[in-house]
Amino acid sequence: MRTGLGFDSHRLVEGRKLILGGTEIPFEKGLLGHSDADVLAHAVTDALLGACALGDIGSHFPDSDPAYKDADSMVLLKKTGDTVKENGFTVGNIDATIIIERPKLSPYIRKMRENIANALGIDADHVSVKAKTNEGMGDIGAGNAAAAICSVLVLKDGK
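All values derive from a computational prediction rather than experimental measurement. (Residues numbered from 1 in each chain as written. Predicted model: local features only at pLDDT ≥ 70, side-chain atom pairs only at ≥ 80, totals over all residues. Heavy atoms only, no water.)

K.L.:
How should I be thinking about the nonpolar core in this particular structure?
P.N.:
One broad rule of soluble globular proteins: the nonpolar side chains tend to lie buried together. Grouped together as the largest cluster of nonpolar side chains are 39 residues, with contacts concentrated most on Leu20, Val44, Leu48, Ile94, Met112 and Ile116. Looking at this core, the elements that each hand over two or more residues are β2 (18–20), α1 (39–51), α3 (73–86), β5 (89–99), α4 (109–120), β6 (127–132) and β7 (145–156). The biggest single contributor to this core is α1, with eight residues. Of all hydrophobic cores here, the second largest spans five residues; its members include Ile57, Phe61, Ala71 and Leu76. (Core = buried A, V, L, I, M, F, W, Y, C linked by side-chain atoms within 4.5 Å. Buried < 20%, exposed > 50% of the residue type's maximum accessible area, 1.4 Å probe, protein only. Helix = DSSP H or I, 4+ residues; strand = E, 2+ residues; numbered from the N terminus.)

If you want it as structure tokens, here you go:
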């Protein structure tokens, strides 16, 4: 049994889609990044890789590689899930929190959980996603950025 911790943050800018947990959310700003900048998917990816001691998202999907320009982060998460399995691990559970001042995310949480579960081939009841504000503090509180943090448990197959 192993645990992993993942974190990601990106600036919110006009002219980009807001995608969190593979769900497009109607909003006037989106996250800026080399890929679709899905902070939730990136935090889950990093947590899984960390739990299995397989590096981080940047070592598997570097932003210097044009192949990942505007990449769908759920595709990257699925590839990570395949890597986790190939290395003899099974995902036990995922607990993630998105920190964003607005928009309110409660209508989209179920879909995010389902998308993450589908990408990893696990039950949605093994995936928890929560949303919090930053109470007006810092860049996140000012509506200029978003972040996500994630904890995962993986099990070594046969142990």
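Having seen the model, we can carry on.
K.L.:
Where do I start with the pattern of salt bridges in this structure?
P.N.:
When the charged atoms of two side chains with opposite charge come close together, those side chains can pair. Following the criterion strictly, the structure yields seven salt bridges and no others. The partner of Lys17 in a salt bridge is Glu24, with the nearest N and O atoms 3.9 Å apart. Within this structure, Arg16, Lys69 and Asp70 form a network of salt bridges that share partners. (Salt bridge = Lys/Arg side-chain N within 4 Å of Asp/Glu carboxyl O.)

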